[in-house]
Structures are given as structure tokens and as C-alpha cells.
Amino acid sequence: MAVHDDGLEPGSESLPRYDKQKYHRHLRGWFSYAFASEVFVIVSLTLFLPICLEQFARDNGYLLPEKTQPCVPPPTAPTSSQTEEDARCVVKLGWLWIDSASFSLYVYSASVALQALTVISMGGIADHPPHRKKLLLAFAALGSVSAILFLAVASSSPAWALVAPLAICANVGFGASIVALNAYIPTLTQGAQEVVEARARLVRLARGADSPASASPPPPRHSRDGSQGAAGAEDAHAPLLPHASDSDEEEGAHEEAHAARAEHDAVLSRTTSRISSQGIALGYAAGIVMLLLALVPVRAMKGSTDALRLAIGLSGIWWALFSLPAAAWLPGASSASPPVNGLYDDGGVQSQDATSQDKWSMIREIGRAWQRLGQMLRWREIKKLRNTFVYLAAWFLLSDGFTTITSTALLFGKTTLHMPPSSLILIGALTPTAGILGSLVWPMVQRRAGWSNLRVLVVLVAMASAIPAYGCLGFLPVFQKGSVKFGGLTTPAEMYVLAVYFGSVYGAFQGYARAFYAEFIPPGEEARWYALFSITDKSSSFVGPLVVGVIADTTGNIRYAFFFLVLMIWAAVPVLMSVDVERGRDDARRYTASRRP
């Protein structure tokens, strides 16, 4: 059977129909979980959790070198001449003494490693639509309950070290549930009204091109020896070449099909970025609201360990509470009808590993997930999906670059500009607030300018690189000597301006980065490839901070790290621009077709 260049087999697909009620229910469920889970990132993972872990270790640690004086003496104890500036604080875990600050870093590193193992193992399960929702809710429960349990563990408790596995479980629960959530993006995009209408037009054109009624009368058939058949005898005097009008009609049909496919891909791209950006904006809005609510008890309790525990616990309660609408509205096993021609009723695509409910097994899917990862990283597979892996290479650099800009800027503000913690918390609130604006405005800019997702990403990356470049200006003598009181990131006021600027860029970048990646994912393997997307992000997260740390230790001035950040971000631009969007989409379709039984 012929296959058209749009990936449709004539007669193989029924005419797509838009179900408004079902689509909006599923979309509300997706948005509700973005609203629920992003709070944990903004309030806990980014801000309060690292500080809380360090404070737990400090409350139970001792000052070097004697290791007899508590880092936090009792209120009634006399003030010692030895202060935190004079000695490091270390805490004993088992037989090891570790720095109180390192305790937080070790816990985070362990959570990232376990998160990577988890998302690899769950990829095949999340690609099976009847189990995707169960997986998302299971990890949401793990993460939210772990955050809530911080309320039950006091730093004075002998079991205070339990905060480490609680933090690890919370981070793993968030990361794994987000992979399952992202796997819904292609499904939701395919169900949007504008995409359904564009897809229906493609189906109609594919059917029309192969319909006997629409085709011109066939030319007379000849046998191999040149004799005419019965039908040919009647048209012995018919011309051997078709009339020019027939050729024009055929050429016009091909042009119409090509235009329809181009319009379908453009609509698909815009819809994907719109849904992704709206999810980012909604999550940021929830995070800001929760951050403002959490700041009230934190400031009232003067930033004590109990106040930090309360903030983390509240983020867990929010996460659990607003996951309930997602549990009610997201498509689950009951809405996933048996697949027809590889397509589920909700728009998901059947994986060849999930050919029937009776054969499905979680243990087998976990094993297959690791086998598939090995297959995905083979050179033969990389060549089949070249553009997908080229984008992942760019994402490796960009995700690390953007994350390192955030951490470096906060450290720069604290150590070089000597900004107090309250000012840094305010910056932490300004950035996601601006992120909401950016994630909503940029899709409108894209629609007005007619830009592709790729072009928007390149512009956002260039804008982000201006931040470390601006910091490099601080080395100019005009700023070093103080003749100019403002500029080159030499004053705290500039940090607030850059926080708004960076937030507007970063919020849009996050939405477009995952939306652009969705265009290159083989249908039916969304969770598996978003797991690789997450792994690429996590595996690069140590490179930037490590280099920045080496630069700061070697030079004694963290401002030199801005030069590295400019180079790191711009190194990704030529890689990003080498992505062939149309070829990537076609390769993904062919990859899926080659794997169908």
C-alpha cells in the first residue's frame, strides 16, 4: 500500500474528529498537575530545601578542629569567641564527618542519580497510555508525601538524618512524574481543534488522491509483447500521453497536499509550544503564590529550621491537594480504548511493546526500558534519528548553561554584591513572576512574526547570553574605579533588573525547549524519549557548577565565570541551528513505522 509523504496510508485512518468535552477535560487535568507540582520546584527544590538540609546538618554538627563545640550553641550557652567564620561546621554520619554544606550537595547528587535510574526504568510503562496516569499519580504521591513528612522530623530528633531519604524521594517523585506529564504533550496537541482540523484535511486529500472516482481514466494497458488487452482495444486510438489538463490537475493536487502538510506541521508546532508555555506559566504562578504564603511563617519564625520545614511541608500539601483534579481529569485506563491502526482513542500511539493488555507486565517493561536505552544510543539508531540527537546535544549545553546562570548569579549576589538573604528571596520571586509574562508573551510574538519554534529558541538563547556578557563588563576600568556608579553588574539594583529580564527569557525557553523536542519524538515512545531528555538535563547539571567552582577557586573572583557562561551558551547555537526540523519529523515517523509489527 502506498504511503504518502505526510505519513498517512490511504484508507488506514478514519477521519479525525474533535471532541471538545473530552479534550478540555484532559487539558484541565494536565494543567492542574503543572499547577500542583511546579510549586515544589520553586518553593522547595530551588529555595528552601537546600537551606533546610544544611541547617539540619548544622543543628547537629560541631565546629572543627575539636569537634566538641556545637555549631549552633543552646540559647543559654555563653557566646564563644570561635565563630562560624573561624571554623567549619561538620556533622557525623555513621563513621564519616562531612561539611554541613556538603550534606545538602550530597543529598542532591544522590537524588539526581536515583532520578535518572527511575526515569529510565519507567519509560516503557509511561508510554503505555492505560498505565501512564497511574504512574504519574504514584510518583506524585511519593513526592508530595515525602515533602509533607518534613513536618514530622525535627532537627533535634535522633532520627533527623531521615530528611535525606525524604528529600531524595521527593525529588525522584517530582522528576519521574514530570516525565509522565510531558508524555501527554503530543497527545494533547493531536487532540486540539486546530490540529484535528488540519489532520482531517490531510486525510481527505490522502483519500482523494487514491480514490477511483477522483482519478483520471487509466491509459490503455499493454502486455509485455505490446498487444492490447480487452479494455485497450476499445481505446486503440486514445493518446498514449495524458492530456495536459490531467497533468495540471495532478500537479495541483500534489501542491495542495504539500501545502496542507506544511500548514498541519505549522499548526502542530504552534499548538505544542502554546500548551507547553501555558503549563509553564501556570506552574510559575502557583509557585509564586505558594512562595509568598510560605514567606509569612518563615519571616515570623525568623528563618529557623522549623520555619524551613514548614515551608517544605506546605509545598507538599499544595502538591498533593491540586493533584486531585489531575487524577479526575487526565485520561486513564478507562478512556484508553483498544488501539486501532496503532492509535489510541485519546490520541496516544500504541507502542509495539504494548500490543495487548493481557501481555503487559511491569517487570518486563522495566527490563525492556533498559534494553531500549541501549538500542537508542547505538550509532545505527542515532543515524536514523540524527536531528533528535543533535537537538539533545544542544540541550545538554543549554540546560546546563541556563541552570548555571541562575546559581552563579545568586552566589555572585551573595558573595560579591553582599546582598542579604531577604534580597535573594525577593529575586527568587521576581524571576518566576517574569517567567509567567515571558511564557505567555512569546507565543504571541511568534504568531505575529510567523517564526518557527527553532527561530524563537535561537533568539531566546542569544538574549540569555547577554546576562553573563553584561557581567563581564564589570572588568572595564570605568566600572572598576567607581567613576560610573551603575553598570557591569556592580550594584544590587542591577540584580533585580536582570532577574526580571532573565525570568522572562527563561520561562519562555523552558516551554519552547520541550515543545520543540516533541516534534522529533517517535510517536508511541513519548515517555521513553522525554526520559532521555530529562537524563540529558540531569547529566549535564554538574558540568557548569564544577567549572564555575574551579574558576572561583583559582582566580578568587567569581565574575570570571561569566566569560565561561557566554562561551558555553554560544557553543550550543550552531548545534541548535543545524537541526533540520522537517527531516526530523519525517525521520521520527519512519522510525515508528519501521518498528510496528
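Residues numbered from 1 in each chain as written. Predicted model: local features only at pLDDT ≥ 70, side-chain atom pairs only at ≥ 80, totals over all residues. Heavy atoms only, no water.

## Things to note about the confidence of the model for the chain
In this model, the chain carries an average pLDDT of 79, and 80% of its residues clear a pLDDT of 70 or more. Averaged pLDDT values over the elements of the chain bottom out at 41 in helix H7 (residues 230-234) and peak at 95 in helix H10 (residues 323-329). pLDDT under 50 marks residues 213-242. Its contacts with residues more than four places away, or in other chains, come to 13 contacts. (pLDDT = per-residue confidence, 0-100. Helix = DSSP H or I, 4+ residues; strand = E, 2+ residues; numbered from the N terminus. Contact = heavy atoms within 4.5 Å.)

## Re the packing of aromatic side chains
Each aromatic ring pair is characterised by the separation of its centres together with the angle its planes make. In the structure shown here, the tally under the stated rule is 28 aromatic pairs. For the pair Tyr 506 and Phe 509, a centre-to-centre distance of 6.5 Å together with 20° between the ring planes defines the contact as stacked. In this pair, Tyr 506 and Phe 509 are both assigned in helix H17 (residues 492-518), three residues apart and thus about one turn of the helix distant. Overall, Tyr 506 belongs to the buried group, its relative accessible area being 18%. With a centroid separation of 5.5 Å and an interplanar angle of 70°, the aromatic rings of Tyr 517 and Tyr 530 are classed as edge-to-face. One end of the pair, Tyr 517, is in helix H17; the other, Tyr 530, is in helix H18 (residues 526-540), with 13 residues separating them in the sequence. The exposure class of Tyr 517 is buried, given its relative accessible area of 0%. What makes Tyr 530 buried here is its relative accessible area of 1%. We note Arg 28 situated over the ring of Trp 329; from NZ or CZ to the ring centre the distance is 5.2 Å. The positively charged end of Arg 132 is found above the aromatic ring belonging to Tyr 184, 5.1 Å away from the centroid. (Phe/Tyr/Trp six-rings, centres within 6.5 Å; stacked < 30°, edge-to-face > 60°. Buried < 20%, exposed > 50% of the residue type's maximum accessible area, 1.4 Å probe, protein only. Lys NZ or Arg CZ within 6 Å of the ring centre and 35° of its normal.)

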